[in-house]
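Residue-level structure breakdown
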Amino acid sequence: MATRAATDVGLVGHLMRRAGFGASASETERLAEIGYDNVVEGLLGFEQQPRPVEDLLERYHQDHADEESVKWFSKRWIYRMINSERPLEEKMTLMWHARFATGRSKVNNSPMMGDHLEMLRDNCLGNFRTLLLELALSPAMIWWLDQQTNHSDAVNENFGRELLELFSMGRGNYTEEDVRACARAFTGWTIDQTIPRYPNGWYDTNYVYRSHDHDPDVKTFLGETGSFGGEDIIDIIVRHPATGQFVASNIYRYFVSDTPNQEAIDYLASVYFESGHELRDVMRALFHSDFFKDAGYARVKSPAEHVVGVIKLTGEHTSEYEFGLASLEAATLAMGQELLNPPTVEGWHTGFEWIDSAFLIERVNFSADRLGNLDAPGVRSIIDRLPGADLSLTPDELIDRCNYELGQLNLEDRSRRVLTKELELHHDIPCAGGSSNPDFTEIAIEVLQMLSASKEFQFA
Amino acid sequence: MTGILDTPSTLTKEIEGDYPMLLRMGHRFETSVGQRLLVDGLYGAIDVALDRDGLIYVINKHVGSPSGRVRIAVCDLDDQFKPDIWPMPDGEREIMGEEKLPSPVGFASDGNGNFYGTDEHTNVVVRYTSDGETLGYWGESGDGPGQFNAPSGIHVDPTDGNLWVVNTRNSRIQKFTIDGAYVSGFGEVGSAPGQLDHPWGIGFDPINETLLVADWRNDRIQRFTQSGELLQIIGPNDVEERHLNRPSDVAVDAHGDIYICDRGNDRVLHYNPRGLFLEQFVGDAVMTERGADKLMANPDMLQWRDHIVDLDREKRLMKPSAVVVDDQFRLYVLDSGRYRVQVYRKTFRELQPGQYDGPETYTDPKLN
């Protein structure tokens, strides 16, 4: 395993793409000076940083003030992904949102979806038992999986089944009898009927426990017997070996690679159990592992990662006064990921399934369009940094420097040949003046756009 | 100390003015108007103003509206809606997405058939007639005297017909003629007494001709003379139950009573001129006929509603944005989050000399 310098800009850039949504080259250089280990601790200890103050965002964008606007929480979430000083918090939340899928297509209540998102955020890096318990208490989840129709005299197994299959252990690790027992244990866990949408708009609702509707009888679940309630079931689940594998596998695929590595997953699972199911400890172990450090550009970016990553490069939407958040939300939708509205209870299919011809065109058009906007402060900053102390650059130097600014993509020879051919009419490219030099700016933007249209740019 | 010395107001100096002696008997809830129509109604409502004929004008921001554009909805107290008014700064209805006035905030009436609105995105003041004609707009971007950087609250000075305009992003309060000539201004950014942080709405005390500003991000209301001298602060030193949370607007009635739109707490607070808390409004709406029609058109929801155990929440305010009072002591609360206006009316008796044995002038006990 190659030893990586803690101040390696490429390594820190890799960390920021995985633990967050990327960073500009200048920001990555600044972080690299702090050192990789310190950056990791800063990411993990995100409670030391304040959450973004979004009162002005809500005030300025009146559609955000209107909770009936179905996109309101999605747009606000994208703003937070761009601007949060707690990038890992948003990244973990995005992971759990995909794993513990709930969506407005069925929930059809913005305040409930907003509360659900906040619950995920509050528990994203805590104890897995707490996360599962809060999930079971979430009104959006209760509605999503029909838990309000799970009665002691008429059991609905939907939530109980998904808790085992999709949220913790996975198929093959439990029986149909376990599903039944699990569902019975959660009878009585429900919500107050919420006020319908018309004519005043949506109202949120609360979890309630109805003891008269709970099945108190003895149940046998995963080999244990007792008059279990929902919390007892979660206690049994979180200490089951399959749950450790489930948590480790999800984290590995989300943060390391689309291709599983059983040895690495076993290691993360062992940390899960040794830590008493603490997700923060699992993530710390992950970030310090060689299999993470060596996994640069091994994952296809999700649409949200792609959109937010490009915007962080262009430096847009750092101000509440900027219009256009709706276009970012629309972009993720066009690329196949409608936030807060996953297609099924399984969430989104990831990896190369993010890429088809239509989605790829959307991704390329988005990044090329945004990186071609010289009015964007980040684009201007990139172009100003390209010349360095030089008065002119060779085509290869320009390609290398543009690539550095975009995060040191693993450019394959074929991609480089295409770029070189595009610049074959140029020998020495005058670059003095950076973005105030229109000829240089035109060429530089073309290279940035072509790099962003490359296959390599679709990875993180 | 408790009681009157536990005053909610930090009174920096005595509030002078010929305020009447009152027996305040409380507010009656009168009515609620609005709610959603099929495509329009009040949607993205941001400010409310009244005309001389008792009509209610509500300006709606374009972004949340199904119709997709800035729109002024007009209705009366009987919930009868008139045709919408569409801003037409260039004489034609604007193209969605290319509006010159995409982000209205403040809206004010001069009581003589003219309305003035601010647009915080394009830094202009727009003039309308009550008939829906857009007479024009003016404004220059910048932070200098007479320039705008996100203008928000606006109020017509009843003494001279000029306009007071709140500048959100540089925390200045400026006075203009209706044609846009700069008259005066004051204000600076900060949290110290007298400074402002992203102010929003503005009210005018007709008795002593002072200005009250919703100092939004400082969670307080500040009263100033027209030259900018600080007179009063309501907010941060209050007891916990009355801490303001991002107040968006303030209005003053003909008695000098103060109504604070405590937007972040979903309520309106009523204070006397000295800054003593009197009562709060959290909403008492009844469903409008229009709302009932909407519900009747959705029988599944009608049936669903029959199983609700707590309909009390339907009455309550959600994210109210603005308050305005009329000369009949009605209080209009723009209940933005619920697409309606809730209307209350003050009941009172004016006391004559001899009916009240208290001091003839207001004096803060803390200062004695």
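Residue and element names in this part refer to chain B. Spatial strand order, β3-β4-β5: three strands in an open sheet with antiparallel pairing. The open sheet is flanked by β3 (45-50) and β5 (71-75), the only strands paired with a single partner. Across the sheet, the mean angle separating the axes of adjacent strands is 25° when strand polarity is ignored. In this structure, strand β4 (residues 56-60) lies alongside β5, joined through five bridges in antiparallel fashion. The partner of Y57 across the bridge, within β5, is V74.

Taken as a whole, this structure holds 31 aromatic pairs over all chains when the rule is applied. Residues B:F107 and B:Y128 carry aromatic rings whose centres are separated by 5.9 Å and whose planes lie at 55° to one another, so their mutual orientation is tilted. Remark: B:Y128 occurs in strand β8 (residues 124-129) and B:F107 occurs in strand β6 (residues 104-109); sequence separation between them is 21 residues. Residue B:F107 shares its accessibility class with B:Y128, and that shared class is buried. Judged by centre distance (5.1 Å) and plane angle (50°), the rings of B:F186 and B:F224 are tilted. Of the two residues, B:F186 sits in strand β13 (residues 182-186) while B:F224 sits in strand β16 (residues 220-224), which places them 38 residues apart along the sequence. When its relative accessible area of 8% is taken as the criterion, B:F186 is described as buried. When the ring centre of B:W216 is taken as reference, the NZ or CZ atom of A:R59 above it lies at 4.7 Å.

Right, let's talk about the pairing of strand β12 (residues 172-176) of chain B for a bit. Residues and elements named next belong to chain B. Burial of β12 is extensive: five of the five residues sit out of reach of the surface. Side chains of β12 alternate between two faces, with R172, Q174 and F176 and I173 and K175 buried alike. Here strand β11 (residues 163-167) runs beside β12; their pairing, made up of five bridges, is antiparallel. If you follow V166 over to β12, its bridge partner there is I173. As judged from the four bridges shared by β12 and β13, these two strands associate in the antiparallel manner. Bridge assignment links F176 to a residue of β13, and that residue is Y182. Between β12 and β13, which pair antiparallel and follow one another directly, the connecting turn spans five residues, one of which, G180, has a positive phi of 100°.

What follows is about the side chain of A:K219. Mapped onto the fold, A:K219 is located in strand β3 (residues 219-221). Lacking a salt bridge, the buried A:K219 has A:D215 as its closest oppositely charged neighbour, with an N-O distance of 4.4 Å.

The next point concerns the environment of B:E92. Relative to the helices and strands, B:E92 resides in the loop between β5 and β6. Linking B:E92 and B:T134, residues 42 residues apart in sequence, is a C-alpha distance of 9.6 Å.

Procedures and definitions
- Residues numbered from 1 in each chain as written.
- Chains lettered and ligands numbered in written order.
- Predicted model: local features only at pLDDT ≥ 70, side-chain atom pairs only at ≥ 80, totals over all residues.
- Heavy atoms only, no water.
- Pairing = 2+ DSSP bridges.
- Helix = DSSP H or I, 4+ residues; strand = E, 2+ residues; numbered from the N terminus.
- Axes fitted to C-alpha atoms, helices over the stretch in contact; angles between N-to-C directions.
- Phe/Tyr/Trp six-rings, centres within 6.5 Å; stacked < 30°, edge-to-face > 60°.
- Buried < 20%, exposed > 50% of the residue type's maximum accessible area, 1.4 Å probe, protein only.
- Lys NZ or Arg CZ within 6 Å of the ring centre and 35° of its normal.
- Lys, Arg positive; Asp, Glu negative; His and termini not counted.
- Salt bridge = Lys/Arg side-chain N within 4 Å of Asp/Glu carboxyl O.

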